[in-house]
Amino acid sequence: MKAKFQEYLKNKWIKTILIISLIFILMAIPAVFLDYQRSPGTLKISFLDIGQGDSILIETPDRHLILVDGGPNDAVLHALSKELSFWQRTFDLLILTNPDRDHFDGFLNILDRYTVKQFLISGVWKENPFTKALLGKIAEKQVPLLFANRAEDFFFDHGVTV
């Protein structure tokens, strides 16, 4: 009798694991479909309403991600969660247009939660404890830091140039 009960429990756990796996797969299918419903070769630009110092998310046709300004706080993370799939964890380029906190505080959170390949700072800069904290975070994460230059362009795909 004990052996039958143990067999019953073993089968019950296997069934439970299979059901949970099936539910997870069924939940993931719409996420994949929604992410790839966009036509290939389409440039997507999203204006994120995150308070003062709004942010712009650019997704190139080959799915490179560019974020212009990080906003005043972590509201950018919530806005990005609505725009990006859960597996999109890398930004190809972050661009800071203005050294005021309402443009870059959100970048501190992004640098903690995403992989960032490059960080571009405009020619406008002012040294203060907050910008020093941003530069420290960029250095800590070992993100290449670039300074905007009129003569320099960033080429992505399908003719997308920044």
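Note: the structure precedes this text.
Keep in mind it's a predicted model, so treat the numbers as computed, not measured.

Colleague: Sorry if this is basic, but what is going on with the overall build of the protein chain here?
Modeller: Looking only at helices and strands, one finds 4 helices and 8 strands in the protein chain. Of the regular secondary structure in the protein chain, the N- to C-terminal order runs α-β-β-β-α-β-β-α-β-β-α-β. Taken over 162 residues, the protein chain has a buried fraction of 34%. In the form shown here, the protein chain has an accessible surface area of approximately 10,400 Å², with 61% of it arising from carbon and sulfur atoms.

Colleague: Please explain the packing of aromatic side chains as it appears in this structure.
Modeller: The geometry of an aromatic ring pair comes down to the distance between the two centres and the angle between the two planes. Scanning the model with the defined rule gives 3 aromatic pairs in all. Taking 5.1 Å as the distance between ring centres and 75 degrees as the angle between the ring planes, the aromatic pair formed by Phe107 and Phe119 counts as edge-to-face. Remark: Phe119 occurs in strand 7 (residues 119-121) and Phe107 occurs in helix 3 (residues 101-113); sequence separation between them is 12 residues. Since its relative accessible area comes to 0%, Phe107 is described here as buried. Seen from the ring of Tyr114, Arg89 lies directly overhead, with NZ or CZ sitting 4.3 Å from the centre.

Colleague: Which parts of the structure should I look at to understand the packing of helix 3 against helix 4 (residues 129-140)?
Modeller: Each pair of packed helices can be summarised by the angle the axes make with each other and by the distance between the axes. Between helix 3 and helix 4, whose axes approach to 10 Å, the crossing angle comes to 25 degrees. Here helix 4 runs roughly parallel to helix 3, going by the angle between their axes. Relative to helix 4, the crossing made by helix 3 is left-handed. Contact residues: helix 3 offers Arg101, Phe104, Phe107, Leu108, Leu111 and Asp112, while helix 4 offers Phe130, Thr131, Ala133, Leu134, Lys137 and Ile138. The residue makeup of the contact of helix 3 with helix 4, split by class, is 8 nonpolar, 1 polar and 3 charged.

Colleague: Hey, could you run me through the pattern of salt bridges in this one?
Modeller: Note that side chains of opposite charge can pair when their charged atoms are close. According to the stated counting rule, one finds 5 salt bridges in the structure shown. One salt bridge connects Asp112 with Lys137, and the closest N-O pair in it is separated by 2.8 Å. Highlighted residues: Asp112 in helix 3 and Lys137 in helix 4, separated in sequence by 25 residues. A relative accessible area of 16% means that Lys137 is categorised as buried.

Colleague: What am I meant to see in the sheet that holds strand 1 (residues 44-48) here?
Modeller: Two pairing modes exist for strands in a sheet, parallel and antiparallel, and in both the strands are linked by backbone hydrogen bonds. Strand order in this open sheet of 6 strands is 1-2-3-5-7-8, and the pairing throughout is mixed. With one partner strand each, in any of the chains shown, strand 1 and strand 8 (145-147) form the two edges of the open sheet. Adjacent strand axes in the sheet meet at a mean angle of 20 degrees when their direction is disregarded. Pairing of strand 7 with strand 8, which is carried by 3 bridges, proceeds in the parallel orientation.

Colleague: I tried to follow the pairing of strand 3 (residues 65-68) on my own but got confused; where do I start?
Modeller: Burial of strand 3 is two-sided: the residues Leu65 and Leu67 facing one way and the residues Ile66 and Val68 facing the other way are all buried. Pairing between strand 2 (residues 55-59) and strand 3: 4 bridges, direction antiparallel. From the neighbouring strand, Leu57 faces strand 3, where its bridge partner is Leu67. Here strand 3 runs beside strand 5 (residues 93-96); their pairing, made up of 3 bridges, is parallel. Looking at strand 5, one finds that Leu67 is bridged to Leu94.

How each quantity is defined
Residues numbered from 1 in each chain as written. Predicted model: local features only at pLDDT ≥ 70, side-chain atom pairs only at ≥ 80, totals over all residues. Heavy atoms only, no water. Helix = DSSP H or I, 4+ residues; strand = E, 2+ residues; numbered from the N terminus. Buried < 20%, exposed > 50% of the residue type's maximum accessible area, 1.4 Å probe, protein only. Areas by Shrake-Rupley, 256 points an atom, 1.4 Å probe, with all protein chains shown as cover. Phe/Tyr/Trp six-rings, centres within 6.5 Å; stacked < 30°, edge-to-face > 60°. Lys NZ or Arg CZ within 6 Å of the ring centre and 35° of its normal. Axes fitted to C-alpha atoms, helices over the stretch in contact; angles between N-to-C directions. Parallel < 35°, antiparallel > 145°, perpendicular 65-115°, else oblique. Left-handed = near helix turned anticlockwise from the far one by under 90°. Contact = heavy atoms within 4.5 Å. Nonpolar A, V, L, I, M, F, W, Y, C, P; charged D, E, K, R; others polar. Salt bridge = Lys/Arg side-chain N within 4 Å of Asp/Glu carboxyl O. Pairing = 2+ DSSP bridges.

Note that every value here comes from positions in space, so none of it alone points to a role or purpose.
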